[in-house]
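Residue strings, one per chain:
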Amino acid sequence: MMLSALFSTSALAQVSSPSINNSSADIPFGAGAPNASPSVDIPFTGVVQTTCTFDTPDPGRLVPVGTPIAEVLSSLASGGLPGQVNLKCNADTQLIVNEPTQVGGPSVVLSLAEAFVDSNVGNTTSNSTPLAIPAGVDIPLQVDMRVTAEDTRLGFPPGTYTYKVTLTVAP
């Protein structure tokens with residue numbers, strides 16, 4: 001955009017500088033012009049995205065339930081430990097809890113896989129509605145899980161089992 005000026009002299013006719021941008025207007029200023037100073041507004045735009053951060057999680061511990069056949073692996077049983085992680089968001093969001101998925105150990109067909117989240121703003125499960133997370137609050141999350149073998153005659157064979165529970169934040 002270009003600002004043009006009008007000048008007036010006794011010997012010359014008024015001369016206007018040509019405008020490069022057809023949408024610009026000539027703004028008179030200087031001697032004999034009304035009290036106007038050229039000005040323009042420069043627009044700025046910025047976007048703040050919804051962001052959430054999870055601290056580094058503390059892993060949980062599963063223990064077998066059932067003797068002599070371990071029919072269940074659970075962090076809720078005696079000797080088990082919940083996983084823990086802190087969450088903080090800059091906007092109100094929803095926390096979605098997925099069912100546990102196996103990432104290591106002997107393969108076992110499950111009849112049930114559940115995850116549970118407890119926090120200072122409420123609780124939810126992998127089979128429930130998402131948990132409302134308020135903006136600007138540091139939320140400690142305690143995550144428990146349990147899985148049940150479909151074949152209770154065989155249960156979980158000896159081995160080291162690894163599962164994960166995925167927590168997802170959605171606007």
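Model, not experiment: these values are computed from the prediction.

## Some words on the overall build of the protein
Inference 1: Counting secondary structure elements, the protein contains zero helices and 14 strands.
Inference 2: Going from the N terminus to the C terminus, the protein shows its helices and strands as β-β-β-β-β-β-β-β-β-β-β-β-β-β.
Inference 3: Counting across all 171 residues of the protein, residues that qualify as buried make up 26%.
Inference 4: Considering only contacts in the protein between residues 6 or more positions apart, those separated by 24 or more positions represent 67%.
Inference 5: Looking at the protein as shown, the accessible area adds up to about 11200 Å², and 55% of this sits on carbon and sulfur atoms.

## Re the nonpolar core
Inference 1: The biggest cluster of nonpolar side chains holds 13 residues, and the ones touching the most others in it are Leu87, Leu95, Val97, Val117, Ile133, Leu141 and Leu167.
Inference 2: Within the residue set of this core, elements represented by two or more residues are β6 (83–89), β7 (93–97), β9 (110–119), β11 (131–133) and β12 (139–149).
Inference 3: In this view, Val97 contacts Ala115, Val117, Thr124, Thr125, Ser126, Val165, Thr166 and Leu167; residues no more than four positions away in its chain are not counted.
Inference 4: Among the nonpolar cores identified, the runner-up in size contains ten residues, and Leu73, Val108, Ala113 and Tyr161 belong to it.

## Considerations on the pairing of β9
Inference 1: Two strands pair when backbone bridges link them, and β9 and β12 are joined in this way by nine bridges, in the antiparallel orientation. In the strand pairing of β12, Val117 is matched with Val143.
Inference 2: When β9 meets strand β10 (residues 122–125), the two strands line up antiparallel, connected through four bridges. Residue pairing across strands places Phe116 opposite Thr125, the latter belonging to β10.

## Overview of the confidence of the model for the protein
Inference 1: With 80% of its residues at a pLDDT of at least 70, the protein reaches an overall mean of 86.
Inference 2: Here residues 1–22 is modelled with pLDDT under 50, and outside its nearest four sequence neighbours on either side it reaches 27 contacts, counting other chains as well.

## Some points on the sheet that holds strand β14 (residues 167–170)
Within a sheet, adjacent strands bond to each other through the backbone by hydrogen bonds, running parallel or antiparallel.
Inference 1: Pairing within the open sheet is antiparallel, and its three strands lie in the order β11-β7-β14. Here the strands that pair on one side only, and so sit at the sheet edges, are β11 and β14. Neighbour-to-neighbour, the strand axes of this sheet turn through a mean angle of 30°, independent of strand direction.

## Focus: the state of the cysteines
Inference 1: Enumeration according to the criterion identifies one disulfide in this entry.
Inference 2: Through a disulfide, Cys52 is tied to Cys89; the S-S separation comes to 2.0 Å. Taking the torsion about the sulfur-sulfur bond, which here is approximately 115°, the covalent link between Cys52 and Cys89 counts as right-handed. Of this pair, Cys52 sits in strand β3 (residues 52–54) while Cys89 sits in strand β6, and the two are 37 residues apart along the sequence.

What counts as what
- Residues numbered from 1 in each chain as written.
- Predicted model: local features only at pLDDT ≥ 70, side-chain atom pairs only at ≥ 80, totals over all residues.
- Heavy atoms only, no water.
- Helix = DSSP H or I, 4+ residues; strand = E, 2+ residues; numbered from the N terminus.
- Buried < 20%, exposed > 50% of the residue type's maximum accessible area, 1.4 Å probe, protein only.
- Contact = heavy atoms within 4.5 Å.
- Areas by Shrake-Rupley, 256 points an atom, 1.4 Å probe, with all protein chains shown as cover.
- Core = buried A, V, L, I, M, F, W, Y, C linked by side-chain atoms within 4.5 Å.
- Pairing = 2+ DSSP bridges.
- pLDDT = per-residue confidence, 0-100.
- Axes fitted to C-alpha atoms, helices over the stretch in contact; angles between N-to-C directions.
- Disulfide = S-S within 2.5 Å.

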